[in-house]
Amino acid sequence: MSISETESLGMRSTNASSSDAKKLKVAQDFEAMFIHQMLKSMRNTVPKDEDMSTGRRIFTEMLDEQIANTASRTGNFGLAKMIYKELTGQDTNQNPAKVSEAQVENWVNEASESLKVDKSLIKAVIRQESGGNSLARSEKGAKGLMQLMDPTAKEMGVINSFNGRENIMGGTRYLKQMLARFNGDESKALAAYNAGPGAVEQYGGIPPFKETENYVKKVLQYREQIKENAL
């Protein structure tokens, strides 16, 4: 299932996140354009090299554009952050306070209903990944309740991984993609969530990694406990 197909299942609940993502991109694009023009102006103050070839001029222009794009995405220049805050009223790296169990429960229910993923499975992943700590950060850089890595968070439309609702929606969306990719096989989907879908496909099932094997086992155990407690 493609990202766009998955997103359509939870369109109403993710409109705000999608809107913020677009605003961030607008801010970054504007900053990139500004930096590019600034570099161009700076180069114009330097005496031109009449012997510079056309190829070198083109390369220099491409280099300036790449520098501008990189600077805007990494946030080192700061203009995009200022524009984003002006548009949304929040910082790109704003970390909310640690959320309550009741809030997590509400967001899990929302994600489960909109994305059609069993809420006990979502809860089990959260328990294993972060223990319910919305501000959790791993040594590898995974963040939030469902421990999203930055590339995955970006792909799932998550602006701030420490925002509990965004994290759960993004993590559930990714979990749903893994379930679809592996034809509903929960063990394979969980293994993919932990080790990546490529590893699962390479080994034709749960990869022979102790961490991943324990991960799948614990999540499924937690899920059964959650189901029993709900009775």
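Just above, that's the structure.
Everything quoted here is computed from the prediction, not taken from an experiment.

A. Inspection of the overall build of the protein chain at higher detail. When you go through the protein chain residue by residue, the secondary structure sums to 11 helices and zero strands. Along the protein chain, helices (α) and strands (β) appear in the sequence α-α-α-α-α-α-α-α-α-α-α when read from the amino end. Here the protein chain, with 231 residues, has 41% of them falling under the buried criterion. Of the contacts formed within the protein chain by residues at least 6 apart in sequence, a portion of 55% connects residues at least 24 apart.

B. Broad picture of the side chain of Asn 167. By the element assignment, Asn 167 lies in helix α8 (residues 164-181). In this structure the side chain of Asn 167 is engaged in a polar contact, spanning 2.7 Å, whose partner is the backbone nitrogen of Met 146. Beyond its immediate stretch of four places on either side in the chain, Asn 167 contacts Lys 143, Gly 144, Leu 145, Met 146, Gln 147, Leu 148 and Ser 161.

C. Highlighting unusual backbone geometry. Here Lys 116, not a glycine, exhibits a phi torsion of approximately 60°, which is positive. Mapping Lys 116 onto the fold places it in the loop between α5 (101-115) and α6 (119-130). Among the residues examined, Lys 116 registers a relative accessible area of 64% and is labelled exposed.

D. Expanded view of the pattern of salt bridges. Applying the stated rule across the entire model yields seven salt bridges. For Asp 118, the salt bridge identified is with Arg 223, shortest N-O distance 2.4 Å. Of this pair, Asp 118 sits in the loop between α5 and α6 while Arg 223 sits in helix α11 (residues 210-230), and the two are 105 residues apart along the sequence. A relative accessible area of 31% means that Asp 118 is categorised as partly exposed. The structure contains a network of salt bridges with shared partners spanning Asp 118, Glu 186, Arg 223 and Lys 227.

Criteria and thresholds
- Residues numbered from 1 in each chain as written.
- Predicted model: local features only at pLDDT ≥ 70, side-chain atom pairs only at ≥ 80, totals over all residues.
- Heavy atoms only, no water.
- Helix = DSSP H or I, 4+ residues; strand = E, 2+ residues; numbered from the N terminus.
- Buried < 20%, exposed > 50% of the residue type's maximum accessible area, 1.4 Å probe, protein only.
- Contact = heavy atoms within 4.5 Å.
- Polar contact = N/O pair within 3.5 Å; in protein donor to acceptor, adjacent residues only side chain to side chain.
- Salt bridge = Lys/Arg side-chain N within 4 Å of Asp/Glu carboxyl O.

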